[in-house]
Amino acid sequence: MEEEYHYLRREKSDFVVEKALNPLGGGERKLIYCYIYGIGKQYNVLSSYLKIYQEKIEILALVTTKPQEITYLDGKKIIRPWDMEKDKVDYVIVAMKEYKEVLGLLRELGFSDKILRSDIFSIPNFVLEDYLKVRKSRPSILANTCIGGFVYNVLGLEILSPTISMRCMDYIQFLKKYKFYLSQDIKVQENDYLCDELYYGETFAPKGISGDTVCWWFVHAKDGTTEAEKWNRRRKRINYANIIALMIIRTDEEACEFDKLPIQKKLGFYHKDLRLESILYTPEWNDVSLQYKYQYQYDKFVHQVYVKNMEGPGRVDWIKFLNGEKNFLRF
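Here is a short report on the structure shown in this document. Quick caveat, the model's predicted, so the values are computed rather than measured. (Residues numbered from 1 in each chain as written. Predicted model: local features only at pLDDT ≥ 70, side-chain atom pairs only at ≥ 80, totals over all residues. Heavy atoms only, no water.)

### A closer look at the side chain of Arg-117
Inspection of the secondary structure puts Arg-117 in strand S7 (residues 115–117). Using a relative accessible area of 14% as the deciding quantity, one classes Arg-117 as buried. From its side chain, Arg-117 meets the backbone oxygen of Asn-153 in a polar contact 2.7 Å long. A polar contact of 3.5 Å, which involves the side chain of Arg-117, links it to the backbone oxygen of Val-154. When near neighbours in sequence (up to four residues on either side) are disregarded, Arg-117 contacts Ile-93, Val-94, Tyr-99, Asn-153, Val-154 and Gly-156. (Helix = DSSP H or I, 4+ residues; strand = E, 2+ residues; numbered from the N terminus. Buried < 20%, exposed > 50% of the residue type's maximum accessible area, 1.4 Å probe, protein only. Polar contact = N/O pair within 3.5 Å; in protein donor to acceptor, adjacent residues only side chain to side chain. Contact = heavy atoms within 4.5 Å.)

### Structural notes on the packing of aromatic side chains
Taken as a whole and assessed by the stated rule, the structure comprises 19 aromatic pairs. Ring geometry for Phe-126 and Tyr-131: centres 5.6 Å apart, planes at 45°, overall tilted. The exposure class assigned to Phe-126 is buried, which follows from its relative accessible area of 11%. Look at Tyr-131 and you get buried, because its relative accessible area is 1%. Pairing Trp-318 with Phe-321 gives two aromatic rings, centres 5.7 Å apart and planes at 90°, and the pair type is edge-to-face. Of the two residues, Trp-318 and Phe-321 are both situated in helix H11 (residues 318–322); the distance of three residues between them amounts to about one turn of the helix. The exposure classification of Trp-318 matches that of Phe-321, with both residues buried. Here a set of aromatic residues connected by ring pairs shows up, and it is made of Phe-269, Trp-285, Tyr-294, Tyr-298, Phe-301, Tyr-306, Trp-318, Phe-321 and Phe-328. Just above the ring of Tyr-99 sits the side chain of Arg-117; from NZ or CZ to the centre is 5.8 Å. Over the aromatic face of Phe-180 sits the side chain of Lys-177, whose NZ or CZ is 5.0 Å from the ring centroid. (Phe/Tyr/Trp six-rings, centres within 6.5 Å; stacked < 30°, edge-to-face > 60°. Lys NZ or Arg CZ within 6 Å of the ring centre and 35° of its normal.)

Here it is, written out as structure tokens:
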């Protein structure tokens, strides 16, 4: 007769340990209990990825707000959001295009710290345990362009940094004393020109001053007041135990200074090969057709090729990098 598996107790952790008498040996096994929110196209894609994790993930039910003629799908019960039981689940995987709307509802229902996006499972070389390790470590990504925001977005992580959707020309100065600058509210200045022919082009945008010396341009905003409020709110979320520094490098001098910074997890992008440990050489920029495609703006090129991976296989495994692994380059 087959041995039954018994749930002894639930732990408040990423993984719920299920103790069992396993006739094949191996001792304990770990299960993650989830709801899947959505039963449409994105769920169909997700269901294929989840087959890899069928020994690690237990789907308790499928969730939808839309009336359905069917009550079960793929052997799982279909329920309404208000029927979910918070204490019985580790994560809610959202498999819907209307992610922001669902996110708001799940937060109202008390699932704020248990939400995963379904598209993370399609990240190249995705390992769920490694991803959850990144999530649990709560990285604060500092950056001198939008690259930090792109990394947060691609990985579906909580934003724990104020340096999102901004440009900074004094970034090395900022990183040398980042704790001081992040302890200060940013002060809004009048709109000003940000000029850098190769990297940013010419932008006329609101500007903010941090610590009376470091300038940040709110390049995606018409009103600097709102962006300053976001900075002042987000700087209070900084996790100083896990600081990540990213930088799009403009000069050899910047590259050398960045490489010397006493920040353990840092990565710079530069179109010259200076053979510095923390600077990633981007040889693709030597392709004139790519320069033309990105209108000779190097920051846009780096954002697309090294984070959003639209030109082919991305070189950086961002989950490995954020976990502090040294072998984070794919090629």
